[in-house]
Amino acid sequence: MSVFPARILLSTDGSEDAELVMTTAVGLTKITGSELYVVTVFPESAYVYAYYTARRLEGVEQYQREARMVLDAQVKKIEGLGTTVAGARLRTGDVAEEIVKLADELGVGLIAVGSRGRGRIRRMLIGSVSDSVVRHAHCPIMVVRRKPVIFPAKILLATDGSEGAAQ
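It should be emphasised that the depicted structure is a prediction, and the values quoted were computed from it without experimental measurement.

Student: Hey, could you run me through the overall build of the protein chain in this one?
Tutor: Looking only at helices and strands, one finds seven helices and five strands in the protein chain. Helices and strands in the protein chain line up, N terminus first, as β-α-β-α-α-β-α-β-α-α-β-α. A total of 167 residues make up the protein chain; the buried ones form 37% of that total. Across the protein chain, every contact between residues at least 6 apart in sequence was considered, and the portion connecting residues at least 24 apart equals 76%. For the protein chain, the computed accessible surface area is about 10500 Å², with 54% contributed by carbon and sulfur atoms.

Rendered as structure tokens:
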């Protein structure tokens, strides 16, 4: 039995931070033979409606089309790096919640997310998707920020001796 996950879920929004986590997830997939799934979540919230003028349905549909284009572009980049994408999903709703739900549905062994590294005040005001995923997911999470991880790499393992840490 391998200690590596059989399935990895990569969350992406097409940002620079998402590029870092994509590069890292692709590298990990290549060396472990894991299947890679990709998700982009269309956030269903007030700011989306405000951004796309007065809650008009066309604006929301336009935003969904743009989210689909981001997802498709990320899949093409991954495939261009020589990795097969086992599945790509576009979801709508709370970003962190949808990532966690999809991870459970797919039975993934690892979720890969990026982090913008916002300060405490901004994180408190607008939240952090990666923080929420870490708190609510039922599998290990890899949060990548600043630069991609190139495998093999040094890994710091922190443990407290608990049963959860032993896993």
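Student: I would appreciate a short explanation of the nonpolar core in the present structure.
Tutor: A general tendency of soluble globular proteins is for nonpolar side chains to be buried together. By size, the foremost hydrophobic cluster in this structure holds 18 residues, and its most contacted members are Ile8, Leu10, Leu36, Val38, Ile78, Ala112 and Met142. Taken together, the elements giving at least two residues each to this core come down to β1 (7–11), α1 (16–32), β2 (35–43), α3 (57–80), β4 (110–114) and β5 (141–144). Top element by residues in this core is α1. It accounts for six residues. Those residues within four positions of Ile8 in sequence are excluded, and the remaining contacts are Leu28, Thr29, Ser34, Glu35, Leu36, Tyr37, Val108, Leu110 and Ala112. The next biggest cluster of nonpolar side chains, apart from the first, holds 16 residues, and it includes Val39, Ile99, Val133 and Cys139.

Student: Can you help me understand the sheet that holds β1 in this one?
Tutor: Across a sheet, paired strands are connected by hydrogen bonds in the backbone, their directions being either parallel or antiparallel. Taken in spatial order, the five strands make up an open sheet running β3-β2-β1-β4-β5, and their pairing is parallel. At either margin of the open sheet sits one strand with a lone partner, and together these are β3 (85–93) and β5. On average, each strand axis in the sheet is tilted by 20° relative to the strand beside it, whichever way the strands run. Note that β2 and β3 share eight bridges and pair parallel. Within the sheet, the bridge partner assigned to Pro43 lies in β3 and is Gly93.

Criteria and thresholds
- Residues numbered from 1 in each chain as written.
- Predicted model: local features only at pLDDT ≥ 70, side-chain atom pairs only at ≥ 80, totals over all residues.
- Heavy atoms only, no water.
- Helix = DSSP H or I, 4+ residues; strand = E, 2+ residues; numbered from the N terminus.
- Buried < 20%, exposed > 50% of the residue type's maximum accessible area, 1.4 Å probe, protein only.
- Contact = heavy atoms within 4.5 Å.
- Areas by Shrake-Rupley, 256 points an atom, 1.4 Å probe, with all protein chains shown as cover.
- Core = buried A, V, L, I, M, F, W, Y, C linked by side-chain atoms within 4.5 Å.
- Pairing = 2+ DSSP bridges.
- Axes fitted to C-alpha atoms, helices over the stretch in contact; angles between N-to-C directions.

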